[in-house]
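Coordinate analysis (summary)
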Amino acid sequence: MKERSPFNPNFGKVPQLFLDRERIITDYVDELTNAGAEIDTPYQTTMICGVRGSGKTSVLTGIIGQIERHDDWVVVDLLNNQLIVDNLIENLQMQPELKLKSFFSKIDKVKTRHFDFKLAAGNATQIGLLMEIFKQLKAHHKKVLIAIDEVSSTPQIRDLAMIYQQLIRQRFGVALVMTGLPENISELQHNKVLTFLLRSNQLELPFLHGKSIERAFRTNFAQGGAANF
């Protein structure tokens, strides 16, 4: 069978040839998976930023793929849309450990007195359900990684970030990794109710080093028989 070129462009996939990015993924995964039940690490909240085409989505895909191999982790890969909190709940509800019938039977009694940010009436049930889900996951020694690609400072992302902050304050095992353009990440971090994101870990994807590109070309052309390259 004819071998495929390692230099084919990929959009969102982990490429066959991934220059200067493997170490970023490995360091992140090692740090997160060895951080204990409450994820005691600066990597708990991580922003991956870079210009278009720098490999943000591919790095996120690589992280997700490696974290999913760990039995004590649940990965929720969310789309940045208007239903992002609903999608988070729906994804988590599919976990076999959860038994939510008793919660739904009491759904009209959900209280919000433990939350110090204002919620619309429709959000109160979402918050209560998420707290119940995380409580049950914690009892089963499960942690959750929330992954979002190409974030921007939308009302939905801001709502999710506030909920995430509350989950951390309740000492649940939850982590958040987001990618975005530098200007979008900065706008989100400087929102007046999300300043905690300024303390998040930032992984900036620099331009590829010329030496790395040269070495990759030489190695792969040599392996392909172009030894005189």
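Conventions we followed
Residues numbered from 1 in each chain as written. Predicted model: local features only at pLDDT ≥ 70, side-chain atom pairs only at ≥ 80, totals over all residues. Heavy atoms only, no water. Helix = DSSP H or I, 4+ residues; strand = E, 2+ residues; numbered from the N terminus. Contact = heavy atoms within 4.5 Å. Areas by Shrake-Rupley, 256 points an atom, 1.4 Å probe, with all protein chains shown as cover. Core = buried A, V, L, I, M, F, W, Y, C linked by side-chain atoms within 4.5 Å. Buried < 20%, exposed > 50% of the residue type's maximum accessible area, 1.4 Å probe, protein only.

**Describing the overall build of the protein**
Tallying secondary structure elements over the protein gives eight helices and five strands in all. Reading the secondary structure of the protein in the N-to-C direction produces α-β-α-β-α-α-α-β-α-β-α-β-α. The contacts of the protein with a sequence gap of at least 6 include a subset with a gap of at least 24, amounting to 77%. For the protein, the exposed surface amounts to about 13300 Å²; the carbon and sulfur share of it is 51%.

**Some thoughts on the nonpolar core**
Counting residues in each nonpolar core, the largest one holds 39 residues, and the members touching the most others are L92 and I148. If you list the elements that add at least two residues to this core, you get strand 1 (45-49), strand 2 (73-78), helix 3 (84-93), helix 5 (121-139), strand 3 (143-148), helix 6 (155-169), strand 4 (174-180) and helix 7 (182-189). If we ignore the near neighbours within four places in the chain, the residues touching L92 are V74, V76, L98, L130, I133, F134, L137 and V144. Listed in part, the 21 residues of the second largest apolar core include Y28, Y43, I63 and V75.

**Here's the deal with unusual backbone geometry**
One non-glycine residue, E150, lies in positive phi territory at about 55 degrees. The topology assignment puts E150 in the loop between strand 3 and helix 6. Here R171, not a glycine, exhibits a phi torsion of approximately 65 degrees, which is positive. Tracing the chain through its elements places R171 in the loop between helix 6 and strand 4.

**Observations regarding the side chain of Q95**
Among the secondary structure elements, Q95 is positioned in the loop between helix 3 and helix 4 (101-105). In this structure Q95 comes out as buried when scored by relative accessible area, which is 19%. Beyond its immediate chain neighbours, meaning those up to four positions away, Q95 contacts V74 and L137.

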